[in-house]
Amino acid sequence: MTIIIQEITDKAQWNGFLTNQPRGHLLQSYEWGELNKYLGGRIYRLGALEHGRMVGAMMLTVSPVPIPIPVPGVRFNWLYCSRGPTVERPDSPALTALIESVQKIARAERAVVLRLEPNIADDDPQLDRWIGVYHDLGFQTNPYAVHGRRSWVLDIRPGDEQLLANFKMTWRQNVRIAERKGVIIREAQNDADFDAYYELLKITSERDAFFIHKKDYHREILRQFVGQGDAVLYLAEHEGEIIATKMLIRYGDWCWDMFGASSNTKRNLKPTYLLQYRCIQWAKAHGCSYFDFRTIPEILEPGEEMWGVYEYKKGFGGFSRLNMPTQDFVYRPLIYNAWRKSVEIRRSRRHEERRKVELERAARGKGDHQG
């Protein structure tokens, strides 16, 4: 059996393989690679082909290693594969071939580490086997994930009435309150609507202390996905005022709740609850089986970062999905170990800072996030 590894430039070929794989993911999509390039990054789209048929895919991004004291003329990078690589089974020879093919890239890029975060979760019956395969290939587990390991997922295959019935009672009541008080959910139609979306995103970012990309990047996300009907920008409006918003992206039979925001005013109208319900209905109407609310705390304990967001998401029904640990293939141990130690220190400090914020927020009774 001969596996050939080559860079894939055919969008239909790439996405056709990934969307037909149970472990394919939006962050490995052809469009997401284009978004990385839009931000100035470099990518490699490696496809494994057997007799011309694609049997594996791995999209890598190349990023500089943050050296505390830069040395002129000295540059090191790290290679990252978010929610990949994607192969059909743990014993697929395509996986070994893909990993071996990266060696040449690693030398050319002066890579310190190849970091993988495959889309394999705790609901995969072969999880332990997958981890064992990576360790056999020379990887080691890294407890610090780049992309949040745990997400909240809702199976949206049941009917609308059943889905609504599975909401917490207060969540159902809030959906009806918003409807009764005249909140309207509609799709964005023009640049003014997009501007309103981004303004709310800025407000929410300031209120809840999270990073957002520039407006042009958000516009590019929509441009990449909306043409095929795979994205929507929803607005919650009351008496002509836009008070909440959501961006959704569909890939395969999954829908991701990408970005959400809400105003500091009219929160008593509970607009985000009705908006969230309409988002779930949109995903269902567009052929999706699962709705991914995205990141929740890795450790499900009060005081963890995003605990309030988790409690909000949980109220819509669903389940927690924990991804397998990050896997590192180390090329330059000395630099890698120093870098990892600095990451440990920064993560520890941030965890303590965010824990204080979350506990204070809970004490003030603000754990029920609407954004």
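Refer to the structure above for everything that follows.
In this text the structure is predicted, and so the values were computed from the model without any measurement. (Residues numbered from 1 in each chain as written. Predicted model: local features only at pLDDT ≥ 70, side-chain atom pairs only at ≥ 80, totals over all residues. Heavy atoms only, no water.)

> Pulling in residues and values, what's your account of the overall build of the protein chain?
Within the protein chain one finds 11 helices and 15 strands. For 371 residues, the compact-globule estimate of 2.2 N^0.38 gives 21 Å, and the protein chain sits close to it at 21 Å. Considering only residue pairs separated by 6 or more positions, the protein chain has 75% of its internal contacts joining residues 24 or more positions apart. Accessible surface, the protein chain as shown: approximately 17300 Å² in total, 51% of it carbon and sulfur. Between the mean site of the 53 positive side-chain charges and the mean site of the 47 negative ones, the protein chain shows a separation of 3 Å. (Helix = DSSP H or I, 4+ residues; strand = E, 2+ residues; numbered from the N terminus. Rg over C-alpha atoms; globule rule 2.2 N^0.38 Å. Contact = heavy atoms within 4.5 Å. Areas by Shrake-Rupley, 256 points an atom, 1.4 Å probe, with all protein chains shown as cover. Lys, Arg positive; Asp, Glu negative; His and termini not counted. Charge placed at Lys NZ, Arg CZ, Asp CG, Glu CD.)

> Please set out unusual backbone geometry residue by residue, giving values where relevant.
Omega for the bond connecting Gly 84 with Pro 85 falls within 30 degrees of zero, at 0°, which places this linkage in the cis form. Position of Pro 85 among the secondary structure elements: in the loop between strand S4 (77-82) and strand S5 (86-87). The residue Lys 266 is not glycine, and still its phi comes out positive at about 60°. Residue Lys 266 is classed as partly exposed on the basis of its relative accessible area of 24%. (Buried < 20%, exposed > 50% of the residue type's maximum accessible area, 1.4 Å probe, protein only.)

> Can you tell me about the nonpolar core, naming the residues and giving the values?
Counting residues in hydrophobic clusters, the biggest one holds 38 residues, and the most contacted among them are Trp 14, Leu 26, Trp 32, Tyr 197, Ile 221, Phe 225 and Ile 249. Per element, the largest residue contribution to this core is six residues, and it comes from helix H7 (residues 191-208). Ranked by size, the runner-up nonpolar core spans 35 residues in total, among them Leu 154, Leu 164, Ala 178 and Tyr 234. (Core = buried A, V, L, I, M, F, W, Y, C linked by side-chain atoms within 4.5 Å.)

> So, the packing of aromatic side chains: which residues are in play, and what are the values?
Enumeration according to the criterion identifies 19 aromatic pairs in this entry. Relative to Tyr 217, the ring of Tyr 38 lies with its centre 6.5 Å away and its plane at 35°, an arrangement referred to as tilted. Note that Tyr 38 is positioned in helix H2 (residues 30-38) and Tyr 217 in helix H8 (residues 215-226), a separation of 179 residues in sequence. Seen from their ring centres, Trp 152 and Tyr 310 are 5.8 Å apart, and the 70° between their planes marks the pair as edge-to-face. On the criterion of sequence distance, the pair formed by Trp 152 in strand S8 (residues 150-155) and Tyr 310 in helix H10 (residues 307-314) is long-range, its members being 158 residues apart. In this structure, Trp 152 and Tyr 310 share a single accessibility class: buried. Site record: aromatic cluster; members linked through ring pairs are Phe 167, Trp 171, Tyr 273, Tyr 277, Phe 291, Phe 293, Tyr 312 and Phe 316. Taking NZ or CZ as reference, Arg 115 lies 5.2 Å from the ring centre of Trp 339, over its face. Taking NZ or CZ as reference, Lys 168 lies 5.3 Å from the ring centre of Trp 171, over its face. (Phe/Tyr/Trp six-rings, centres within 6.5 Å; stacked < 30°, edge-to-face > 60°. Lys NZ or Arg CZ within 6 Å of the ring centre and 35° of its normal.)

> Give a description of the pairing of strand S10 (residues 231-238) that names residues and reports values.
Extensive coverage of S10 is indicated by the burial of eight of its eight residues. Along S10, one buried face is formed by Ala 231, Leu 233, Leu 235 and Glu 237 and the opposite face, lined by Val 232, Tyr 234, Ala 236 and His 238, is buried too. Relative to S10, strand S9 (residues 184-187) runs antiparallel, the two sharing four bridges. In the sheet register, Ile 184 faces S10, and the bridge partner there is Glu 237. Taken together, the eight bridges between S10 and strand S11 (residues 241-251) define a ladder with antiparallel strand orientation. Opposite Tyr 234, over in S11, you have Lys 246 as the bridge partner. Here S10 hands over to S11 after two residues, with Glu 239 in that stretch at a positive phi of 50°. (Pairing = 2+ DSSP bridges.)

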